[in-house]
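An overview of the molecular structure
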Amino acid sequence: MGSGGTVQFNEILCIGLGFSGICLGVQLKRKLHFTDIHFYDRNTHVAGTWHANRYPGSDVAARFYSFSFESNPDWSTMFPDQSDVFDYINNIADKYDLRRRMTLQTECESASWDSERQIWTVHLKDVVSGKLFKHECRVLFSAVGVLVTPKYPKIPGVEVFGGPMFHTARWRADVSLEGKDVALIGNGCSGTQVVPHIVPKAKIFTQFIHTPHWLFPATNPQIPLVFRWAFRYIPGFTLLTRACMFIVFEQGWKLFHLTESGAKARKAAEAECMKFIYETGPEKFHNLLIPDWDIACKRRVLDIDGNYLKSLGSPNVDLTKDPIVEFIPGGVRTATKTYPADVVIFATGFHPLNDLSTLRVYGRNGELLSEHWKAVGGPSGYNGTAVHGFPNFFMLYGPNGSTGHTSVIFTIENNVNFALEVIKPILRGEASEVEVKDDAEKTYTKDIQAASQDKIWTKCNSWYVSDNGWNATLYPWAQTYLWWRSNFPTWSDWSYKVEFRI
């Protein structure tokens, strides 16, 4: 509410201030010279997942995991730390003067489309005071992200353990691990990144794994000063580097195909990973480190400079697949053994699309977004961004926004560019509503699910795909196709209205 109890209005409202939200704000200003937008985020700082996931380590190649329009010539390594990425996105927010259009520590309770007034009414809550208020807008963006809500295993005894227990996405920098017995549950991307930082500090370190992952070797060289100079001063050098990285990363797409060439590529990648594990990891753990499922079935895990495998050779480390039975005071008990633990860390991933699926967005005729998705089979969106029956509503890095082989920032930029093309008539005052047509959404949804069926990740147990076989996570086509669809919209798939009623 504004002064006097009035409801605040902006042309555009965006929920979320990670890479997606910042990209939207910047591109609106750069491309359309438009600044009538307000942002809300429930966190205390900008940066989304890079604020929440403050654990030590990182596995993003920042030269490509960054905006094409805002390169950072000063990355000092190939895979910079979390704090470097956090600073990068915050510096961009400052450069483009976005902070004065932000309200932090505020959650979106729900959003409803008013067909009579052709606006969105967004219900919000101040997480500090508990105060409820409204904000209206003509165009609503969801930038809440995909991997946001931490997933915890259901293990008895949490209440009696007695020591600190936290998720990597809720990292406790105030908890000292020096000389402590530390138990880590999980061995995916975040688990692999944090282990090398914990082992040197811990008295005893035990990692509990459920399923081994294919570990890809990656090196993290220092970027020479001459290259940093070139990135800053030689026109086109950054663009050329990004193009080369795009081409290299896009080669990973062939691993997903259930074809003869795909099988050959997977076999070669498995041989490389197996060689890396055997040569770098301790022999006593080899049987625990080699997966029994096809490579590319699940998210790839990078072992930067082999630091994870090397750390497993430390004398204070134990690795086990024994299922945990319960937590006990000062320890973790399996069916065969009790392991000492002063601290338990969960590296157990996220509930994908949880925040978007539980966001109460009511479209035309009061239809709830989650009910719409239930009717079609699962979370989906035309080009990953729009849903029929929800006019002037767009999702950034929404359903099928992930890739599994390349930078998600490429996806985010394309989502933003696509949405801005579509809403130009709204911002110019030439139209009051824009909505993807029903048949266009249905055809796209049918096509994307059909294209997923000949990919390796639909043939195994993977969080990419739901229990009913629905793929709401990965984009099954080449990223060049995403770029084409995003920069050259099919205008016949859209319906515009010119009826201004406010």
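See the structure shown above.
If you're wondering where the values come from, they're calculated on a predicted model, not measured in any experiment.

Scanning the entire structure with this criterion turns up one disulfide. The partner cysteine of cysteine 297 in its disulfide is cysteine 460, sulfur to sulfur 1.3 Å. Judged by the sign of its S-S torsion, about 105°, the cystine formed by cysteine 297 and cysteine 460 is right-handed. Residue cysteine 297 is found in the loop between helix 9 (286-289) and strand 12 (301-304), and its partner cysteine 460 is found in the loop between helix 14 (438-452) and helix 15 (479-487); the two are separated by 163 residues along the sequence.

We now examine the packing of aromatic side chains. Counted under the stated rule, the structure contains 36 aromatic pairs. Ring plane angle 65° and centroid distance 6.2 Å describe the contact between phenylalanine 161 and phenylalanine 327, whose orientation is recorded as edge-to-face. Of this pair, phenylalanine 161 sits in helix 4 (residues 158-161) while phenylalanine 327 sits in strand 14 (residues 324-328), and the two are 166 residues apart along the sequence. In this pair, the class of phenylalanine 161 matches that of phenylalanine 327, namely buried. For the pair tyrosine 475 and tryptophan 477, a centre-to-centre distance of 5.5 Å together with 80° between the ring planes defines the contact as edge-to-face. The pair formed by tyrosine 475 and tryptophan 477 is uniform in burial state, with each residue classed as buried. An aromatic cluster of three or more residues is present, and its members are Phe141, Tyr382, Phe394, Phe418, Tyr444, Tyr475, Trp477, Tyr481 and Trp494.

Now for the packing of helix 6 (residues 225-233) against helix 7 (residues 237-250). The interhelical angle for the contact between helix 6 and helix 7, taken along N-to-C directions, is 110°, at an axis separation of 7 Å. In terms of axis orientation, helix 6 runs roughly perpendicular to helix 7. Here helix 6 contributes Phe227, Ala230 and Phe231 to the contact with helix 7, which in turn contributes Phe237, Thr238 and Thr241. Across the contact of helix 6 with helix 7, the residue classes tally to four nonpolar, two polar and no charged.

This part takes up helix 5 (residues 189-198). Judged by how many residues are buried, helix 5 sits mostly within the fold: eight of ten residues are covered. Along helix 5, the positions that sit buried rather than exposed are Cys189, Ser190, Gly191, Thr192, Gln193, Val194, Val195 and Ile198. Those residues of helix 5 that are buried lie in contact with strand 9 (181-185), strand 10 (204-208), strand 11 (215-218), strand 12, helix 10 (307-311) and strand 17 (343-346).

Another aspect to go through is a nonpolar patch on the surface. A cluster of nonpolar residues, Tyr481, Trp483, Trp484 and Phe488, forms a patch on the protein surface that exposes about 450 Å² of accessible area. By the element assignment, phenylalanine 488 lies in the loop between helix 15 and strand 22 (494-497). Under the relative-accessibility criterion, phenylalanine 488 is labelled partly exposed at 44%.

Here we take up the environment of leucine 225. Among the secondary structure elements, leucine 225 is positioned in helix 6. When its relative accessible area of 65% is taken as the criterion, leucine 225 is described as exposed. In the structure, leucine 225 is positioned 268 residues away from aspartate 493 in sequence and 49 Å away in space, judged by C-alpha atoms.

Turning next to the environment of lysine 298. Structurally, lysine 298 is set in the loop between helix 9 and strand 12. As a C-alpha pair, lysine 298 and tyrosine 464 span 166 residues in sequence and 7.2 Å in three-dimensional space. Excluding its chain neighbours within four sequence positions, the residues that come into contact with lysine 298 are Thr211, His213, Trp293, Asn461, Ser462 and Tyr464. Looking at lysine 298, its side chain comes within polar contact range of the main-chain oxygen of asparagine 461, at 3.4 Å.

Let us look at the sheet that holds strand 15 (residues 331-334). Within the open sheet, the three strands sit side by side as 14-15-16. Their pairing is antiparallel. Single-partner strands in this sheet number two, and they are strand 14 and strand 16 (338-340). When strand polarity is set aside, the average angle formed by the axes of neighbouring strands in this sheet is 25°. Strand direction decides the pairing type here: strand 15 and strand 16, joined by three bridges, are antiparallel. By the bridge assignment for strand 16, glycine 331 is matched with proline 340.

Residues Gln479, Leu482, Arg485 and Ser486 constitute the buried set of helix 15. An end-on view of helix 15 places all buried positions within 115° of arc, on one side of the element. The inward-facing, buried residues of helix 15 abut helix 7, helix 13 (408-427) and helix 14.

This part is about the pairing of strand 14. The pairing of strand 14 with strand 15 spans four bridges and is antiparallel. Along strand 15, the bridge assignment pairs isoleucine 324 with threonine 334. A loop of two residues connects strand 14 with strand 15, the two strands running antiparallel in sequence, and glycine 330 in this loop sits at a positive phi of about 75°.

Before going further, it helps to examine the pattern of salt bridges. Once their charged atoms are close, side chains differing in charge can pair, the charge on each being opposite to the other. With the rule as written, the count across this model stands at 16 salt bridges. Of the charged contacts in the structure, one is a salt bridge between aspartate 318 and lysine 337, with a shortest N-O distance of 3.8 Å. Within this pair, whereas aspartate 318 is found in strand 13 (residues 317-320), its partner lysine 337 is found in the loop between strand 15 and strand 16, the two being separated by 19 residues in sequence. Here lysine 337 falls in the partly exposed class, since its relative accessible area comes to 42%.

Across the sheet, five strands lie side by side as 8-17-9-10-13; this open sheet has parallel pairing. The sheet terminates laterally at strand 8 (165-167) and strand 13, the two strands that pair on one side only. Along the sheet, successive strands turn relative to each other by an average axial angle of 15°, direction set aside. Here strand 9 runs beside strand 17; their pairing, made up of four bridges, is parallel. When the bridges of strand 17 are listed, alanine 183 appears paired with valine 344. Against the sheet, helix 5 contacts strand 9, strand 10 and strand 17, and its axis sits at roughly 170° relative to strand 9.

The subject of this paragraph is the side chain of aspartate 41. Counting through the fold element by element, aspartate 41 comes out in the loop between strand 2 (37-40) and helix 2 (49-52). Buried and unpaired, aspartate 41 has no salt bridge, with arginine 42 as the nearest side chain of opposite charge at 6.0 Å. Within the local environment of aspartate 41, its side chain forms a polar contact with the backbone nitrogen of asparagine 43, the two atoms lying 2.8 Å apart. Apart from the residues lying within four places of it in its own chain, the contact partners of aspartate 41 are Gly16, Leu17, Thr103, Leu104, Gln105 and Thr106.

Conventions used here
Residues numbered from 1 in each chain as written. Predicted model: local features only at pLDDT ≥ 70, side-chain atom pairs only at ≥ 80, totals over all residues. Heavy atoms only, no water. Disulfide = S-S within 2.5 Å. Helix = DSSP H or I, 4+ residues; strand = E, 2+ residues; numbered from the N terminus. Phe/Tyr/Trp six-rings, centres within 6.5 Å; stacked < 30°, edge-to-face > 60°. Buried < 20%, exposed > 50% of the residue type's maximum accessible area, 1.4 Å probe, protein only. Axes fitted to C-alpha atoms, helices over the stretch in contact; angles between N-to-C directions. Parallel < 35°, antiparallel > 145°, perpendicular 65-115°, else oblique. Contact = heavy atoms within 4.5 Å. Nonpolar A, V, L, I, M, F, W, Y, C, P; charged D, E, K, R; others polar. Patch = residues over 30% accessible without salt bridge, like charges linked within 9 Å, V, L, I, M, F, W, Y side chains within 5 Å. Areas by Shrake-Rupley, 256 points an atom, 1.4 Å probe, with all protein chains shown as cover. Salt bridge = Lys/Arg side-chain N within 4 Å of Asp/Glu carboxyl O. Polar contact = N/O pair within 3.5 Å; in protein donor to acceptor, adjacent residues only side chain to side chain. Pairing = 2+ DSSP bridges. Arc of directions from axis to C-beta. Lys, Arg positive; Asp, Glu negative; His and termini not counted.

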